[in-house]
Amino acid sequence: MTAPITRRHWLASCGLVAAGALAAPAELGSLSLGETPVRRAGPLRRAGPLRLFFNENPHGPPAAAIRAATAALAHGNRYADQEDFDELAGLIAGREGVSPDHVVIGSGSAELLGATAAAYIRGSGEVLTAEPTFQHFLICAERLGARIRRVPLDAGWSHDLDRMAEAVSGETRLVHVCNPNNPTGTIVPADRLRAFCAQIAPRAPVVVDEAYHELAEAPEHASMVSLVRSGVPVIVMRTFSKVYALAGFRVGYAIARPDLAERLRALQTTDASVAAVRAAIAAWQDAAFVTRSRRLIREARELTTRGFDELGLRYVPSHANFLYFEVGGARRDLPARLLARGVRIAWNPKPLEGDWARVSVGTAEEMRGFLRALRRELA
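Figured I'd write up the structure that's included with this text. What you are looking at is a predicted structure, and each value in this text was computed from that prediction instead of being measured. (Residues numbered from 1 in each chain as written. Predicted model: local features only at pLDDT ≥ 70, side-chain atom pairs only at ≥ 80, totals over all residues. Heavy atoms only, no water.)

**Topic: the environment of Arg 376**
The test is simple: Comment: elements are numbered from the N terminus, with helices defined as DSSP H or I runs of at least four residues and strands as E runs of at least two. Between buried and exposed lies partly exposed: a residue is buried under 20% and exposed over 50% of the maximum accessible area for its type, with that area taken using a 1.4 Å probe on protein chains only.
Following the sequence through the fold, Arg 376 ends up in helix α14 (residues 364–378). On the basis of relative accessible area, Arg 376 is assigned to the partly exposed category, the value being 43%.

Below you can see the structure in the form of structure tokens.
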């Protein structure tokens with residue numbers, strides 16, 4: 001018999017460890033890191049290397065979100081009211097064409113990914129996923145006793161849905177699709193992903209991680225929320241950490257059939273703060289900020305790929321705010337070497353396990369700094 005998952009067990013299984021920042025090498029000098037001065041003001045902005053490893057939006061938070069969070073500080077002695085969560089869920093539901101009971105607000109999408117693993121994994125079973133892809137969900141599932149079955153990406157660095165469908169078995173408890181995929185930035189065309197989910201989800205719910213959904217501008221890309229509206233057991237994950245530039249606030253949400261949404265709520269471990277929820281409410285309504293962020297990220301991404309072309313480096317065309325590029329077996333210490341030049345492309349700059357690395361897309365000026373450092377390393 002499977003033991004029940006308690007909040008205490010869940011927290012012990014999937015806790016995260018915080019780490020400090022490094023001091024800044026002097027080579028790159030002082031940089032202007034964005035167009036919203038308030039984000040850079042104050043003692044919390046530490047000197048350090050260029051942060052090109054967490055896929056953050058360097059152009060925010062939105063001014064409206066800062067005002068909302070600042071006003072909420074006066075209520076910092078209180079937990080967020082249910083009305084705050086209801087307002088945010090209602091705004092999301094209205095735009096996505098679902099009822100609010102389809103929406104679960106979490107402390108970042110990572111918390112909700114963990115709750116999903118806890119809801120379906122009971123010390124056994126299998127999670128089917130791609131390789132390489134985002135690891136947080138898989139780490140949580142492994143800690144809860146799941147086996148991870150990884151299907152390599154196809155020749156275009158995208159999910160091989162045919163092979164994934166063949167790999168589903170009676171032991172499969174969840175199927176995981178990150179779209180756009182992290183770290184490659186590739187997308188699965190909407191018609192193919194819809195057909196895959198409709199075929200597979202009745203056998204094992206499909207978790208579609210859409211953390212970078214708002215950054216994917218290709219016409220063949222679309223969210224799988226349409227399947228949720230149709231009652232298919234698909235769980236769509238989103239976050240305010242990327243295009244909405246609220247990574248430090250930790251707010252995410254899931255959209256799922258009401259019965260599945262309730263399973264996630266039962267295993268949530270914490271609530272977002274009053275400042276975080278009110279910042280998210282303001283950011284959600286700032287369409288101009290989202291449009292501007294997309295444009296600036298696209299321009300900086302294109303600047304970077306032109307630099308890769310000049311250096312003769314292979315890379316994967318990306319639909320997100322990061323790029324996957326080939327460094328070669330002889331350069332697997334590249335993260336540490338770039339860190340010595342003031343550019344951080346990996347949280348832990350140990351030697352790469354493979355021949356490819358990922359760099360987050362920062363501002364245009366940051367990416368010029370990255371390319372300067374990269375040229376010196378490859379010279």
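**Looking at unusual backbone geometry**
Residues Glu 131 and Pro 132 are joined by a peptide bond in cis, for which omega reads 0 degrees. At the junction of Asn 179 and Pro 180, the peptide bond is cis and its omega measures out at 0 degrees in the coordinates. Position of Pro 180 among the secondary structure elements: in the loop between β5 (172–178) and α8 (190–200). A positive phi is found at Trp 157, a non-glycine position, where the angle reads about 65 degrees. For Trp 157, the position within the fold is in the loop between β4 (147–152) and α7 (161–167). A residue is classified by how much of its surface remains accessible, and Trp 157, at 23% relative accessible area, is partly exposed.

**Some words on helix α3 (residues 63–72)**
The condition that has to hold: The arc refers to the directions leading from the helix axis to the C-beta atoms.
Residues of α3 that are buried: Ala 65, Ile 66, Ala 68, Ala 69 and Ala 72. Projection of α3 onto a plane perpendicular to its axis shows the buried side chains occupying an angular sector of 165 degrees, all on one side. Turned more than 90 degrees from where α3 packs its buried face, Arg 67 and Ala 71 sit exposed.

**A few points about the side chain of Ser 293**
What counts is decided by this rule: Should any heavy atoms of two residues lie within 4.5 Å, those residues are counted as being in contact.
Considering the arrangement of structural elements, one finds Ser 293 in helix α12 (residues 287–311). By relative accessible area, which is 0% here, Ser 293 ends up buried. Excluding anything up to four places from it in sequence, Ser 293 contacts Asn 57, His 59 and Val 243.

**Some remarks on the sheet that holds strand β6 (residues 206–209)**
To be explicit about the condition: A pair of strands is considered paired only if DSSP assigns at least 2 bridges between the two. Only the contacting stretch of a helix is used when fitting its axis, a line to C-alpha atoms as for every element, and angles between N-to-C directions run 0 to 180 degrees.
Spatially, 7 strands are ordered β2-β8-β7-β6-β5-β3-β4 in an open sheet, and the strand pairing comes out mixed. Every other strand in the sheet has two partners, leaving β2 (103–106) and β4 as the edge strands with one partner each. In this sheet, neighbouring strand axes are inclined to one another by 20 degrees on average, regardless of whether the strands run parallel or antiparallel. Bridge count for strand β7 (residues 234–239) against strand β8 (residues 252–255) is 4 bridges, and the pairing is antiparallel. Pairing of Arg 238 across the sheet is with Tyr 253, part of β8. Most of the contacts of helix α6 (residues 136–143) go to β4, to which it runs at about 145 degrees, and overall it touches β3 (126–131), β4, β5 and β6.

**Quick notes on the pairing of β4**
Going by this rule: For the handedness criterion, the strands are oriented away from the viewer, and a crossover whose path from the first strand over the helix to the second runs clockwise is classed as right-handed.
One ladder, built from 6 bridges, connects β3 with β4; its direction is parallel. By the bridge assignment for β4, Leu 128 is matched with Arg 149. Handedness of the β3-α6-β4 crossover: right-handed.

Purely geometric numbers; function is a separate question.
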